[in-house]
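# Chain and residue survey
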Amino acid sequence: MNQPTRLSLCVLLTALFALHLSRVAAQEAQPAKHRQISGVYPHLTTYGIYSENGAHTKGGHDECGIGAVVPWAGRLWMINYAPHMPRGSEHKLFSIDAGLDMKVHPQSVGGTPAGRMIHRESNQLLIGPYLIDAKGAVRVITPAAMPARITAITRHLTDPANQVYYYDMEGALYEANVRTLKATKLFAKPVPGWHGKGAYVTQGRLVVSNNGEHAAGSYKPLLVGGAAKNDDEAGVLAEWDGKDWRIVERKQYTDVTGPDGIFGGKGASDDAPLWAMGWDRRSLRLKLLDGGTWHTFLLPKASLNNDAKHGWYTEWPRIREIGNGRFMMDMHGMFFDFPKSFAKDDTGGIRPIGSHLRYVPDFCEWNGKLVLATDETSIQGNKLAGQPQSNLWIGTADDLKQWGPASGFGGPWVGDAVKAGVPSDAFLIAGFDRRVLHLAVGAKTQAAAGAAGASGAALRASDQQKITLMPDALESLPRVTVNRGDWKKPAPGFTFEVSHDVTVYLAVDERGNPELNNEWEKTDLTLTWGENHRDLIYKRAFKAGAIEVPANETEHTKGSFGMPHTAFVASDAKDLKLKPDPTAKVSMPTREADVASAKAGEPVTFTLEVDVDGTGKWTAWRAIDVVDGGYECITIPPEVKAQWMRLTASRDSIATAFFHLTDASLRDPAEGRDLFAGLAEVSAKEVFSGVVYAAKQNRNLKLITSDDRALEFQKDSFTFESDELDAKLKTLLKTEPEFTVDEASVILMHRGKRLRLPKGDAAFDRPFAAGWPRGSREVESERHLAQFHGTFYEVPLLSNGDPPEFHLMRPVASHSKQIMDFCSWAGLLVLTGVRSDATQDGHVFIDPSHKAALWFGGVDDLWKLGKPVGRGGPWKDTPVKARQPSDPYLITGYDHKSLALTADKDVTITLEVDFDHQTGFHVYKSFKVTKGETTRFEFPLEFSAHWLRVKADADCTATAQLAYE
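Given the structure is predicted, the values throughout are model-derived calculations rather than measurements. (Residues numbered from 1 in each chain as written. Predicted model: local features only at pLDDT ≥ 70, side-chain atom pairs only at ≥ 80, totals over all residues. Heavy atoms only, no water.)

### Some remarks on the overall build of the chain
Summing up its helical and strand segments, the chain has 4 helices and 74 strands in all. Compactness check: the chain gives a C-alpha radius of gyration of 29 Å against a globular reference of 30 Å for 965 residues, within 12% of the reference. Taking all 965 residues of the chain together, 60% fall into the buried category. Across the chain, every contact between residues at least 6 apart in sequence was considered, and the portion connecting residues at least 24 apart equals 68%. Total accessible area on the chain stands at roughly 36,200 Å², and carbon and sulfur atoms take up 50% of it. When the 110 basic and 120 acidic side-chain charges of the chain are each reduced to a single mean position, those positions are 1 Å apart. (Helix = DSSP H or I, 4+ residues; strand = E, 2+ residues; numbered from the N terminus. Rg over C-alpha atoms; globule rule 2.2 N^0.38 Å. Buried < 20%, exposed > 50% of the residue type's maximum accessible area, 1.4 Å probe, protein only. Contact = heavy atoms within 4.5 Å. Areas by Shrake-Rupley, 256 points an atom, 1.4 Å probe, with all protein chains shown as cover. Lys, Arg positive; Asp, Glu negative; His and termini not counted. Charge placed at Lys NZ, Arg CZ, Asp CG, Glu CD.)

### Re the pairing of strand 6 (residues 116-119)
Across the two faces of strand 6 the burial is the same, with Arg-116 and Ile-118 and Met-117 and His-119 all buried. In terms of strand pairing, strand 6 meets strand 7 (residues 124-127) through 4 bridges, oriented antiparallel. Within strand 7, the position partnered with Met-117 by the bridge is Leu-126. Counting the residues between successive antiparallel strands, the hairpin from strand 6 to strand 7 contains 4 residues, one of them, Asn-123, with a positive phi of roughly 55°. (Pairing = 2+ DSSP bridges.)

### Topic: the sheet that holds strand 2 (residues 65-72)
Spatially, 4 strands are ordered 2-3-4-5 in an open sheet, and the strand pairing comes out antiparallel. Of all the strands in the sheet, the pair left with one neighbour each is strand 2 and strand 5 (102-104). Put simply, the sheet's adjacent strands are angled 25° from each other on average, direction ignored. Direction of pairing for strand 2 relative to strand 3 (residues 75-81): antiparallel, over a ladder of 7 bridges. For Val-69, the partnering residue across the bridge sits in strand 3 and is Met-78. (Axes fitted to C-alpha atoms, helices over the stretch in contact; angles between N-to-C directions.)

### Thoughts on the sheet that holds strand 59 (residues 783-788)
Strand order in the open sheet made by the 4 strands is 58-59-60-61, with antiparallel pairing throughout. Edge positions in the sheet fall to strand 58 (776-778) and strand 61 (810-814), since each has one partner strand and no second. Averaged over all neighbouring strand pairs, the angle between strand axes comes to 25°, with direction disregarded. As defined by bridge partners, strand 60 (residues 791-796) adjoins strand 61 across 4 bridges and the pair is classed as antiparallel. Each bridged residue has a counterpart across the sheet, and for Phe-792 the counterpart in strand 61 is Ala-813.

### Examining the side chain of Lys-897
Relative to the assigned elements, Lys-897 resides in strand 69 (residues 897-903). With no salt bridge to any partner, buried Lys-897 finds its closest opposite charge in Asp-895, at an N-O distance of 6.0 Å. In this structure the side chain of Lys-897 is engaged in a polar contact, spanning 3.1 Å, whose partner is the backbone oxygen of Tyr-894. In this structure, Lys-897 is in contact with Ile-891, Phe-937, Glu-938, Phe-939, Phe-943, Ala-963 and Tyr-964, ignoring residues within four places of it in sequence. (Salt bridge = Lys/Arg side-chain N within 4 Å of Asp/Glu carboxyl O. Polar contact = N/O pair within 3.5 Å; in protein donor to acceptor, adjacent residues only side chain to side chain.)

### A look at the packing of aromatic side chains
Tallied over the full model, the rule gives 47 aromatic pairs. When the centroid spacing of 6.0 Å and the interplanar angle of 70° are considered together, the rings of Tyr-165 and Trp-240 count as edge-to-face. Residue Tyr-165 is located in strand 11 (residues 163-168), and its partner Trp-240 is located in strand 16 (residues 236-240); the two are separated by 75 residues in the primary sequence. Each member of the pair, Tyr-165 as well as Trp-240, carries the same accessibility label: buried. Judged by centre distance (6.3 Å) and plane angle (70°), the rings of Phe-713 and Phe-845 are edge-to-face. With Phe-713 in strand 53 (residues 710-713) and Phe-845 in strand 65 (residues 844-847), this pair connects stretches of sequence that are 132 residues apart. With respect to burial, Phe-713 and Phe-845 carry one shared label: buried. Following the ring pairs from residue to residue traces out a cluster consisting of Trp-275, Phe-297, Phe-327, Phe-338, Phe-342 and Trp-644. One residue, Arg-622, lies across the ring of Trp-621, its end atom 5.6 Å from the ring centre. Positioned over the ring face of Tyr-924 is Lys-925, at 5.8 Å from the centre of the ring. (Phe/Tyr/Trp six-rings, centres within 6.5 Å; stacked < 30°, edge-to-face > 60°. Lys NZ or Arg CZ within 6 Å of the ring centre and 35° of its normal.)

### Brief notes about the environment of Lys-753
Within the element layout of this structure, Lys-753 appears in strand 57 (residues 753-757). On a C-alpha basis, the gap between Lys-753 and Pro-888 in space is 9.1 Å, while along the polypeptide they are 135 residues apart.

### Notes on a negative patch on the surface
Judged by side-chain charge, Glu-743, Asp-761, Asp-765 and Asp-877 come together as a negatively charged surface patch. Among the secondary structure elements, Asp-765 is positioned in the loop between strand 57 and strand 58. (Patch = residues over 30% accessible without salt bridge, like charges linked within 9 Å, V, L, I, M, F, W, Y side chains within 5 Å.)

The structure is reproduced here in structure tokens:
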């Protein structure tokens, strides 16, 4: 063949190949008909604003969780909600047909709705303010007629054929005629609480729930109850018989329902049981109303995302039927099988299914599938997303077993005053593979509360405001305080005398930026108290004698003054004496000697009883003696097959009884090998990487590549297009290291405290070629994902816009991938850091011409990335002071755990554990360590706690390293 012929053929082949590539690209660019990834259909994404061509430009629309999903009239109906819009918003009523085509209904009025009920007599679905007949025709009770954030709808006590009750988040109760749509407000706010949730009618009464205690208005309308009297009072469970209101319990409650579920029961004459679920600082609470009498059962929490007192982060978890008479309960990050037969004499059958990261306001069965609604991407305090968006997950109930482990914790008593001979409430132990019970006696005060975030009973002022997070440097110091006083007036100063030279650390309420004179030096420490308020810490040296603490005369808002200062006093003198003026109070930390002397008292005998089959018949299992100030960890072996356990104390005492119940089948990395095959290994050189952002001006996803190119990933076609680089967005998305590493472990600074975490691959010590990977980010609404040194963690929030509560974190998965960034978008989890040679596999979408790729999946796919593992500890050849505890080191959520100890002299090293985030550290075990030898300890497989720390009985150089495998 001559040269021109060869050249012509090459040109022809090249042209044909280019044509083939262009056709493939064109096919890939076409929108897939209802594309599905990990149970999520991106085209079903809902948003907060619909009138601005995809742009998010209106206030009050910063959230759009899907509040209710109900099959009706041949379609799936759903509503999404704004954060606080009782008079309407751009949020919508949607319906989806069997072909997954979604309709936005023109009757939509928006607002903040989540209530739903099927009214049998009129054959209508009531969902939010909408009433939908059997043919799908929609009517609406307008916000003008009923300005309410509708959280629950239930049957009427006296006219159930024509009327229903609508319950409002502010606590108002309406009745409305389902035929004429006339609505009447019956009560403005009959019972306390500030985040109304559930309502249900049975056994001659209406029962309502409220899960918040953040005052947002006046208590004047209340007919019963009032402001919370102590830390244990929050929200409410209450009942109304048509004449009088009564408080059942002053706790945080959400769903109220019964065996008839969404149909609302048979009405006032119904004698079926009623179930209400809630929580307190100890555990989940399940209340049962049966035969007119209330009963209480306790269950474990899988997560602490929902614990905040204001109740905002617990949006409508439910007990709902999911098909064929099967009920499921979702609460605090755990799905449970819930028996429809649950009643006073038949309480067996509740079983954990597994935990989850998805924020689930509602769920149902539809066309043979399980549908989960979600509150996905909020922008309340979340600057790293442009607009709120949420979607559905559609799969099967069996899929849930492949998500997070069936592990949780909680108990009946946490530092509580317990009466002799009075049994605790029953606690669920059935369905968990591994079970331990932590038992302790005695009050834990300031010095003992060195937990990673606990501060015992320490108060910010003499009379109020519990300290929730105290720096290590302050925990063992005496504290001088005054009463809070009138917050409408400047907070007073005070004086005290000291017998020796001291350094005073002053906690100063940061609100309003109060100024101190320049003799006070600002430190890096902070202190947290009350409803997540923060103090800045200053220090100043004083000679022996009188010390004057200044007043706080700063207004943080008009007419509102900050807290008085609190003084912490440090001195080298062992005989330091403090003498306060008459207005002030000195609080001394508990010393180890005080605890030792307390242990000499008569022990408390705890009798542990079990209810084997849920019939209410209790039999004794064993008795445990615990001395005052003491602690015991008891394994509950597999042969103890029972539904519930309860405890009784032999004498009055302050007691803690706290279970850790864990799953033996944590995910193996092999399960996710194919799912995550497209992600680059940490050692890879050629990686398509970058940072991502859910766009503000349209429905697409912004990508800024690691070489500073701007792209938009198109929602409709799932393809990349070039974009103009936004310098402000680049600055906003900039990643910084959020942890440091030393020889011992990963170090995370959290509000003045140093927390230690396990290490992964050594490559994570350094930034990637693209820079430091993203550390933490809000992914599901109002909770964070964090990625530190090759492990993903779930981290709760306590207030929008504030730093995450890292001391409450739990590990999700460990990996060796080069994941640069992560976010939620269109209901999907998005990861960056894809292999340059990856192929499109349904999760990876790659465009070599743009040198760009992204990985997409569901947020709960992360559990399959690899079970949590790691190595590290509190010490590594560390100079240690006698009896000085180490930093806290994370131990929760790990499987096989072992400890290695060495020291440069013969010492005793004591291992302490924090198992409840509240009562501090407890002595678990002590080890005699011989110079130059390694002492090894394998933790029992059943053992679980949240944090551990170690201390030696003499000055030494020591190592304490743990392997989680």
